[in-house]
Amino acid sequence: MRARRTSFLTFVVAVLLLAALFVLVPPVQAQDTTMHDRYERAEAQLSWNLSGTLYRASVTPQWMDDDQFWYRATVADGTEFMFADPANGVREPAFDHERLAATLDEALERDVSAFDLPFRSFRYVDDRSGIAFTVNGAIWQCDLSDYTCEETDRAPDERVPNSITSPDGTMAAYTQDHNLWVRDLETGEDIQLTTDGAEHYAYAINSQGWNRGDTPILKWSPDGRYIKTFQQDERNTPHMYLLRTTTGRPELDAWPYAVPGDADDEVPRLERVVVDVEAQEVIRLDAPADHQRTSNCCGLTRGRSLADVEWRDDGEALAYVSTSRDYSTVTLRLADPTTGAVRDVYEETDEPFFESNLASRGVPNWRVLHESNEFIWFTRADGWGHLYLHDLQTGERLNRITAGEWNVLDVLHVDEEARTLWFSAVGKEEGHDPYQRHFYRVDFDGTNLQHLTPEEGDHRLRLAPSGRYVVDARSTFQDAPVTVVRDAYTGAVVLELETAETDALYATGWTAPEPFTVKARDGETDLYGVMYKPSDFDESQQYPVVVSIYPGPQTGSVGSRSFGLSGRGQAQALAELGFIVVQLDALGTPFRSKAFHTFWHGDMNDNGIPDQRAGVEQLAERYDWIDADRVGIYGHSGGGYATATALFEEPDFFRVGVASAGNHDNRGYTYYWGEKYQGVLEEVEGTDTFENQANQLAAENLEGKLLISYGTLDDNVHPNMTLQVIDALIEHNKDFDLLVFPNRTHGYANEPYNLRRTWDYFVEHLLGEEPPREYTIER
């Protein structure tokens, strides 16, 4: 009996101990599994994992004669080639994919499927009765009447590394030993065009400090006879230094890199030249050497050509624009490529900086009309970006072409004979998102302005070379693209091309970002943004907020107003972890008025942070499910700079930040950037005009959690700026976290390890949960 009682007591004690253990020790494994599931859902939302789930969403026309074109459409099984003839209302497969695949399967002796053909480009031959394409260096031609194919030739090895090909495809220009060369692609002969190039005094060199490369910077004349380029003098430019991590001694990388405060005789200068390829002669333009500038952001090239240069159609004259070091003054010049004679046509000064196109890396919006002796000019002289007609001889303004509280975005086509031009614009349509692109035409005298895309949405436009038709892909944040061909004169839809298929995308759990409008810090100015929610969003819950920031000033946090995945995967992934992620275009970003864009010029440390705070506070007042007491922020490059600013300047609001590769003190960043958006550095009473933008000077204010990172080979935003912030944090005895990416340049933001550590940081410090240990993101 006693034995039974003892056994029973032992059993009771054991049960009580187990119960106590269960209460005292939480079920960590179950919690970890739940968060692990969220990480898996987040990973599924990264851009590269979604790229194959959106079908028939993109049309890039390959224009042919008579305004016909072909394009590739992404389909579930791969790629379908389509043919379009707008004039005759024809849209059809470019050929029979099944029959072509069967023929190539046998001819190539390997598996070929209908929507995974072994080429990405082709050309029609014999009036579309056949096609020609290249596979593994062999040129194949197929008869589309019976789908017989034969190898006709070996493609010539025309590939010249890091070269720019002439318009007729016969010459490739490249640099070697500081000089400019061309290769005749028909004979294989290499021809040296310049002979006096030297180290740091080279021709056509891409050495912009923040941006370096081996492809030359130049622009061919339309007939291929001339090349417009420069000899860049950076012999006195101070160097920047980086160390590559290797076994044994690290390797030094040193190159010219101008920063604000460098003297005029230290910064790079462009000595403008024209190279006569036929005569193998260099003609130096009779004009002062230019600063390393273009009339809008960013860098010396647009596409693969030297920007701010325009050849006359016959190649016998060229125009170019010179921009002052402080970006406020631009000069339009005409040059004779045969003699080097230069004539100044027009000069304009616009404080604090001039812009010829509001889009980052947009083509400058000036056009010279040689036949009518006029030119079209873009300026924000009245506070908005508009077009004007000028006399080419005197520079005198003849008339306005556009006007109003909105902005011309891109000049897309000019018909000098009809005296009509076509352009895209933002902000003109009442009641629409002012960042949505629309399409217009107008006469040179400013009359007959016509809106050609009346449907609400953002319109991605690709104009035919003739100007007769335009391919228009219309979408919004939440409405997938519908692509049509329009008559560019009337706006009428003449051919429907594609309607995006989104079933596979939504099947991943993807949710579209939701647009919102709030007021800026002034309580009056409308600001526009988007928010991302978890796919299992529950409005009865409260969610912490993470601000995804890029402050500009050359662009903003939101990016395109079109439907899409590019650049938004990280935001949606973070939302899946249990956050509301917000992107907002604050004061100081483009596409609104000039006053809006230049709002914090001279105080780059502003970074739009007061507007970000005001926006989140308004959203929290609007929605009970937003917790404004738990706010984080993250960004890369300028966004890394802004993130640290937020934690240093608004420590009572921004609790957690992840700042990567930030330009925290622009005295150490490229002078092209700081001098445009902060102004030329000047010494003032023992300090300088850049002092107010240096993050390290406010590091003592840090109260929250900060994860800061840099790449040791970042030759764009040098690590020195981040190290200054780190040094200040240590000096003020501040706790912070640090990630160093050895041998990474500027573009490590989307490395899986960086993404995972970013997720972990917000989950642990903002969400208050334990992240799964060393979760692996596959790429």
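Structure shown above.
Residues numbered from 1 in each chain as written. Predicted model: local features only at pLDDT ≥ 70, side-chain atom pairs only at ≥ 80, totals over all residues. Heavy atoms only, no water.

Turning to the overall build of the protein, a few remarks are in order. Within the protein, the regular secondary structure consists of 12 helices and 50 strands. A compact globule built from 779 residues would reach a C-alpha radius of gyration of about 28 Å, and the protein, at 30 Å, matches this within 12%. By principal-axis analysis of the C-alpha atoms, the protein measures approximately 115 × 80 × 60 Å. Split into buried and exposed, the 779 residues of the protein put 55% on the buried side. By sequence separation, contacts in the protein at least 24 residues apart represent 59% of the contacts at least 6 residues apart. Total accessible area on the protein is roughly 33,300 Å²; 45% of this is exposed by carbon and sulfur atoms. A gap of 5 Å separates the mean positions of the 67 positive and 131 negative side-chain charges of the protein. (Helix = DSSP H or I, 4+ residues; strand = E, 2+ residues; numbered from the N terminus. Rg over C-alpha atoms; globule rule 2.2 N^0.38 Å. Buried < 20%, exposed > 50% of the residue type's maximum accessible area, 1.4 Å probe, protein only. Contact = heavy atoms within 4.5 Å. Areas by Shrake-Rupley, 256 points an atom, 1.4 Å probe, with all protein chains shown as cover. Lys, Arg positive; Asp, Glu negative; His and termini not counted. Charge placed at Lys NZ, Arg CZ, Asp CG, Glu CD.)

On to the pattern of salt bridges. Using the criterion set out here, one finds 46 salt bridges in the structure. Between Asp276 and Arg225 there is a salt bridge, with its nearest N and O atoms 3.1 Å apart. Of this pair, Asp276 sits in strand S20 (residues 269–276) while Arg225 sits in the loop between strand S16 (219–220) and strand S17 (226–233), placing them 51 residues apart in sequence. You can call Arg225 partly exposed: its relative accessible area is 27%. One salt bridge in this structure joins Arg613 and Asp652, with 3.0 Å as the shortest N-O distance. Linking Arg613 in helix H8 (residues 609–622) with Asp652 in the loop between helix H9 (638–649) and strand S46 (654–660), this pair joins segments that are 39 residues apart in sequence. It is possible to trace a salt-bridge network through shared partners that takes in Arg56, Glu80, Arg91, Glu498 and Glu501. (Salt bridge = Lys/Arg side-chain N within 4 Å of Asp/Glu carboxyl O.)

Our next topic: the pairing of strand S38 (residues 469–475). Counted residue by residue, S38 has 6 buried out of 7 residues, so it is predominantly covered. Judged from the 6 bridges that link them, strand S37 (residues 458–463) and S38 form a sheet pairing that is antiparallel. Its bridge partner being in S38, Arg462 is matched across the sheet by Val471. In terms of strand pairing, S38 meets strand S39 (residues 482–487) through 6 bridges, oriented antiparallel. Looking at the pairing, Ala473 lines up with Thr483 of S39. Counting the residues between successive antiparallel strands, the hairpin from S38 to S39 contains 6 residues. (Pairing = 2+ DSSP bridges.)

In terms of nonpolar packing, the biggest core is built from 42 residues, with Ile580, Ile633, Phe648, Phe654 and Leu706 touching the most fellow members. Counting residues per element, this core draws most heavily on H9, which supplies 5 residues. Setting aside anything within four residues of it in sequence, one finds Leu706 in contact with Leu647, Phe648, Gly657, Ala659, Leu729, Phe736, Asp737 and Tyr761. Core analysis: the next-biggest nonpolar cluster, separate from the first, contains 33 residues, Phe477, Val581, Val763 and Tyr775 among them. (Core = buried A, V, L, I, M, F, W, Y, C linked by side-chain atoms within 4.5 Å.)

On to the sheet that holds strand S34 (residues 420–426). Strand pairing within a sheet occurs via backbone hydrogen bonds; the two strands may be parallel or antiparallel. Strands sit in the order S33-S34-S35-S36 across an open sheet of 4 strands; the sheet is antiparallel. Two strands lie at the open edges of the sheet, namely strand S33 (407–415) and strand S36 (450–451), each paired on one side alone. Examined bridge by bridge, S33 and S34 share 7 bridges and lie antiparallel to one another. The residue of S34 that forms the bridge with Asp415 is Thr420.

Next up on the list: the state of the cysteines. Tallying each qualifying case throughout the model produces 2 disulfides. One disulfide in the model links Cys142 with Cys149; its S-S distance is 2.1 Å. Looking along the S-S bond of the Cys142-Cys149 disulfide, the torsion reads about 115°, which is the right-handed sense. Cys149 shares its class with Cys142; the two are buried. The residue that forms a disulfide with Cys297 is Cys298, at a sulfur-sulfur distance of 1.5 Å. As the torsion about the S-S bond is roughly 60°, the Cys297-Cys298 disulfide counts as right-handed. By relative accessible area, which is 5% here, Cys298 ends up buried. (Disulfide = S-S within 2.5 Å.)

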